[in-house]
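What follows is the residue order along each chain.
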Amino acid sequence: MSSIAMSGVKPRAGATDRSDSLRPLALAAPLLLLLAFSFGAPIVLLLSRAVYEPTIANALPHTIAALRNDSAGVPAEPVFRALADDLKTDQAAGAIYEFAKTLNTRLPGARSQVLRLARLAGQDPAPTREAMIKAAPLLGEDQGWTAIRSGSNRFTSFFLLSAFDLRWTDQGTIGTVPADQAVFTRVFGRTFLIATLVTLATLALAFPLAYVMTNVRPVIAGIVLVLVLLPFWTSILVRTAAWTVILQKYGLLNDLLLWLGMTSDRLELMYSRTGLVIAMTHIQLPFTLLPIYSVMRAVQTSQLRAAQSLGARPFTVFRRVYLPQVMPGVLAGCLLTFILCLGYYITPVLVGGASDQLISNFIANYVNVELNWEMAAALSFVLLASTLGLYVTMTRYLGLDLFKMG
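Residues numbered from 1 in each chain as written. Predicted model: local features only at pLDDT ≥ 70, side-chain atom pairs only at ≥ 80, totals over all residues. Heavy atoms only, no water.

> So what exactly am I meant to see when it comes to the overall build of the chain here?
Counting its secondary structure elements, the chain contains 20 helices and two strands. The C-alpha atoms of the chain give 30 Å as radius of gyration, which overshoots the globular expectation for 406 residues (22 Å, by more than 25%). Based on the C-alpha atoms only, the size of the chain along its principal axes is roughly 95 × 95 × 40 Å. Among the 406 residues that make up the chain, the fraction classed as buried is 37%. (Helix = DSSP H or I, 4+ residues; strand = E, 2+ residues; numbered from the N terminus. Rg over C-alpha atoms; globule rule 2.2 N^0.38 Å. Buried < 20%, exposed > 50% of the residue type's maximum accessible area, 1.4 Å probe, protein only.)

> Sorry if this is basic, but what is going on with the pattern of salt bridges here?
Opposite charge on two side chains allows them to pair when their charged atoms are near. Tallying each qualifying case throughout the model produces five salt bridges. Salt-bridge contacts for Glu268 lead to Lys249; the nearest nitrogen and oxygen are separated by 3.4 Å. Of this pair, Glu268 sits in the loop between α14 (252–260) and α15 (273–296) while Lys249 sits in the loop between α13 (236–246) and α14, placing them 19 residues apart in sequence. Residue Lys249 is classed as partly exposed on the basis of its relative accessible area, which comes to 35%. Here Asp356 makes a salt bridge to Arg273, at a shortest N to O gap of 2.8 Å. Here Asp356 is found in the loop between α18 (346–350) and α19 (359–368), whereas its partner Arg273 is found in helix α15, with 83 residues between them in sequence. Overall, the relative accessible area of 30% leaves Arg273 in the partly exposed class. (Salt bridge = Lys/Arg side-chain N within 4 Å of Asp/Glu carboxyl O.)

> Help me understand the layout of surface pockets, please; the structure alone is not making it clear to me.
If a probe the size of a water molecule is rolled over the atoms, the empty space left behind becomes visible. Of the volumes computed, that of the largest pocket is approximately 870 Å³. Contributions of two or more residues to the lining of the largest pocket are made by α6 (96–106), α9 (142–150), α10 (158–163), β1 (166–168) and α19. Split by residue class, the lining of the largest pocket holds 14 nonpolar, nine polar and seven charged. Counting only domains with at least three residues in the lining of the largest pocket, you end up with domain 1 (55–176) and domain 2 (184–405). (1 Å grid on protein atoms, 1.4 Å probe; cavity = no way out; pocket = protein on both sides within 12 Å on 5 of 7 lines; lining within 4 Å. Points joined across faces, edges and corners; volume = space filled by probe spheres on them. Nonpolar A, V, L, I, M, F, W, Y, C, P; charged D, E, K, R; others polar. Domains from an automatic or database assignment.)

> What is the right way to look at the confidence of the model for the chain in this model?
Low-pLDDT stretches of the model should not have their predicted coordinates read in fine detail. On average, the chain scores 85 in pLDDT, and the residues at 70 or more come to 92%. Within the chain, no element has a lower average pLDDT than helix α1 (residues 3–7), which sits at 48, and none a higher one than helix α11 (residues 184–214), at 94. Low confidence marks residues 1–6, where pLDDT is under 50. Its contacts with residues over four positions away, or in another chain, come to two contacts. (pLDDT = per-residue confidence, 0-100. Contact = heavy atoms within 4.5 Å.)

> Honestly, the side chain of Ser162 in this entry has me stumped. Any pointers?
Locating Ser162 in the fold gives a position in helix α10. Taking relative accessible area as the criterion, Ser162 reaches 12% and is therefore assigned buried. When near neighbours in sequence (up to four residues on either side) are disregarded, Ser162 contacts Phe184 and Met375.

> Mind showing me how you'd approach the UniProt feature "domain: ABC transmembrane type-1" (unreviewed entry) in the chain here?
Mapped onto the present numbering, the UniProt feature "domain: ABC transmembrane type-1" (unreviewed entry) falls at residues 188–394. Counted over residues 188–394, helix gives 76% and strand 0%. Its end C-alpha atoms are 20 Å apart. (UniProt positions renumbered as here; feature names shortened; annotations may be inferred.)

> Help me understand the nonpolar core in this model?
It is characteristic of soluble globular proteins that their nonpolar side chains tend to be buried jointly. Counting residues in each nonpolar core, the largest one holds 33 residues, and the members touching the most others are Leu60, Phe99, Leu117 and Leu139. Taken together, the elements giving at least two residues each to this core come down to α3 (55–59), α4 (61–67), α5 (77–93), α6, α7 (110–121), α8 (129–135) and α9. The greatest single-element share of this core, amounting to seven residues, is contributed by α7. Setting aside its immediate chain neighbours within four residues, Leu60 contacts Leu83, Asp86, Leu87, Asp90, Phe99 and Ile148. Ranked by size, the runner-up nonpolar core spans 29 residues in total, among them Ala195, Met280, Ile359 and Ile363. (Core = buried A, V, L, I, M, F, W, Y, C linked by side-chain atoms within 4.5 Å.)

In structure tokens:
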């Protein structure tokens, strides 16, 4: 017998409850650690690059130190000498290309001038201020030194401001970028617009279909459910590729419309917003249907019959009794579809036109083509914040919880 049993002392109830509550956490600890290192940490590291960019500060330590003793605008000769020394050091260390690329993101066209200036700085004797301005005209302009000064701080708001088509002006205030460079607000607006159109389209199809499924025999409802879930058996790439065949000018959909007499000429559905919405609606339909169907099945028909027996008209029964009970499923399905549409990438590439690319396409381009991880991180941060804000709003003010659906 244990000493506790021998002494007749029983364990405290609080200690037992605490031990019982910690046991499931200990069992899940390996999975939580795996998620933290394989999923959480990479996301945090990526998003941190939206505000942390030390390349310019690391590449120009002497220049930044000299700028602290100089006034705004184009600096004096000592700053240019420090810049020449820094560029010579960067050229020898192989860091000049990364610095040129980083400065080019803040000041388009700076890369070639920086590389030319680095070659000049490596010569003996050291180049003069006039020679350096001649080799790199950006050094003779206020905006060139504004870009360098803004990069002297390792923590920056440059990329987050750029995600909203904003920038720091030479006067130290926040202003809009030129109209020909204002891209991201328009792309974010397009992304949310297409997500809204697809959500409304899936709702228009899913609500009546779910209602029919709850009012037919279980065998028929099961068959319909299998047909709805059938696209899940293939990858999204295959489904999207199938729509490229259907939506072509001489594809199946145009043939059907002509045969039914609904159109007199073939429609341009490929590489258009209409075709993109059609393809995304087909892919997202199950995500809207299933939450609505699961809630509709729980509605008791006796309540509807009771309302009718009390004299309520069919539309009143639907609006006052049926719709409030199924609304959580409707909101859950729409929210799920809307959030998933915000991150679409493959379907806009294959079906949408050049003016229908979503924000995820720009993020992928910055990662895979331009290697501008900072701008990709800034766009990802804005998209993630928008998604989380939408979810928190729905769950807090509308009383919706996706984890309790079904």
